[in-house]
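Single-letter residue listing:
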Amino acid sequence: KNGVARLYYPISPDNQKSLMQGLEKTLEVLEAAGAEQLVVGKYDEPVDLPPLSEPEARKKVVKGIMEKLTKAGFEPYKDTVLSAHQMGTCRMGASPTTSVVKNTCECWECEGLFVVDAASFPTSSGANPMITTYAIGYMASQHIKNFTPATPKSRL
């Protein structure tokens, strides 16, 4: 209206629930891994965690953060919700000196290990990688279904 863009991108209740569950699991993993501080978007400052020697106190802090986040919910146009497509971290190429995987998605240095996702892109595409990732998966699957390792299988 009047040449002004109107943004409307509501987060559905199901997606909000999933996002909250993912955030909770992420905080629990960070706490269990020994994080000293947690940085959460709804807080102005990092939240200090008690020392590792106080596991119950650490869990209590995480629980308090989640209670605050759950109560606040997701505020439209105030909370950042984004996604990133990681690409090119196991580059596909024609040479083991410049790439991690062959054009079949098999690792140069480990026979029978295949990287079949956007990690095998030679570089980031700058766009949604879904269709290209499907194509790489299909291409790799055609090789994998006929793959026979050169070395015999272990008897362990």
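Please read these numbers as outputs of a predicted model, since none were measured by experiment.

1. A look at the state of the cysteines
Right, on to step 1. Going through the model one piece at a time under the given rule, you end up with 0 disulfides.
Right, on to step 2. Free of any disulfide, Cys 105 has its nearest cysteine sulfur in Cys 107, 9.3 Å distant.
Right, on to step 3. When its relative accessible area of 0% is taken as the criterion, Cys 105 is described as buried.
Right, on to step 4. Of all cysteine sulfurs, the one in Cys 107 lies closest to Cys 110, which takes part in no disulfide; the gap is 6.3 Å.

2. What to know about the side chain of Ser 99
Right, on to step 1. Secondary-structure assignment places Ser 99 in the loop between helix H2 (55-72) and helix H3 (130-144).
Right, on to step 2. Ser 99 gets classed as buried once you look at its relative accessible area, which sits at 10%.
Right, on to step 3. There is a polar contact of 3.4 Å between the side chain of Ser 99 and the backbone nitrogen of Gly 93.
Right, on to step 4. Reaching out from Ser 99, the side chain makes a polar contact with the side chain of Trp 108 at a distance of 2.9 Å.
Right, on to step 5. Contacts of Ser 99, omitting those with residues within four sequence positions, involve Arg 91, Met 92, Gly 93, Ala 94 and Trp 108.

3. A word on the pattern of salt bridges
Right, on to step 1. According to the stated counting rule, one finds 3 salt bridges in the structure shown.
Right, on to step 2. Lys 25 is the partner of Glu 28 in a salt bridge, and the nearest nitrogen-oxygen pair spans 3.5 Å. Of this pair, Glu 28 and Lys 25 both sit in helix H1 (residues 13-32), 3 residues apart, roughly one helical turn.
Right, on to step 3. The salt bridge involving Lys 102 is made with Glu 106; its shortest N-O contact spans 3.7 Å.

4. Quick look at the nonpolar core
Right, on to step 1. If you look at the biggest cluster of nonpolar residues, it comprises 12 residues: Met 20, Leu 27, Ala 35, Leu 38, Val 40, Tyr 43, Val 47, Leu 49, Val 62, Ile 65, Met 66 and Leu 69.
Right, on to step 2. Put simply, the parts of the chain that give this core at least two residues each are H1 and H2.
Right, on to step 3. Examining the composition of this core, we find that 4 residues originate from one element, H2, more than from any other.
Right, on to step 4. If we skip the residues at most four places from it in the chain, Tyr 43 touches Gly 64, Ile 65 and Lys 68.
Right, on to step 5. Met 87, Ala 118, Ala 119 and Ile 136 belong to the second largest nonpolar core, which has 11 residues in total.

5. Things to note about the packing of aromatic side chains
Right, on to step 1. For the structure on display, the rule yields 1 aromatic pair.
Right, on to step 2. Seen in terms of ring centroids, Phe 114 and Phe 147 are 5.4 Å apart; in terms of plane orientation they differ by 90 degrees. Their pairing is edge-to-face. Taken together, the residues span a long stretch of sequence, with Phe 114 in the loop between H2 and H3 and Phe 147 in the segment after H3 at a distance of 33 residues.

6. Some points on a nonpolar patch on the surface
Right, on to step 1. On the surface, Met 130, Ile 131 and Tyr 134 cluster together into a nonpolar patch covering about 350 Å² of accessible area.
Right, on to step 2. By secondary structure assignment, the location of Ile 131 is in helix H3.
Right, on to step 3. Residue Ile 131 is classed as exposed on the basis of its relative accessible area, which comes to 59%.

Cut-offs and rules
- Residues numbered from 1 in each chain as written.
- Predicted model: local features only at pLDDT ≥ 70, side-chain atom pairs only at ≥ 80, totals over all residues.
- Heavy atoms only, no water.
- Disulfide = S-S within 2.5 Å.
- Buried < 20%, exposed > 50% of the residue type's maximum accessible area, 1.4 Å probe, protein only.
- Helix = DSSP H or I, 4+ residues; strand = E, 2+ residues; numbered from the N terminus.
- Polar contact = N/O pair within 3.5 Å; in protein donor to acceptor, adjacent residues only side chain to side chain.
- Contact = heavy atoms within 4.5 Å.
- Salt bridge = Lys/Arg side-chain N within 4 Å of Asp/Glu carboxyl O.
- Core = buried A, V, L, I, M, F, W, Y, C linked by side-chain atoms within 4.5 Å.
- Phe/Tyr/Trp six-rings, centres within 6.5 Å; stacked < 30°, edge-to-face > 60°.
- Patch = residues over 30% accessible without salt bridge, like charges linked within 9 Å, V, L, I, M, F, W, Y side chains within 5 Å.
- Areas by Shrake-Rupley, 256 points an atom, 1.4 Å probe, with all protein chains shown as cover.

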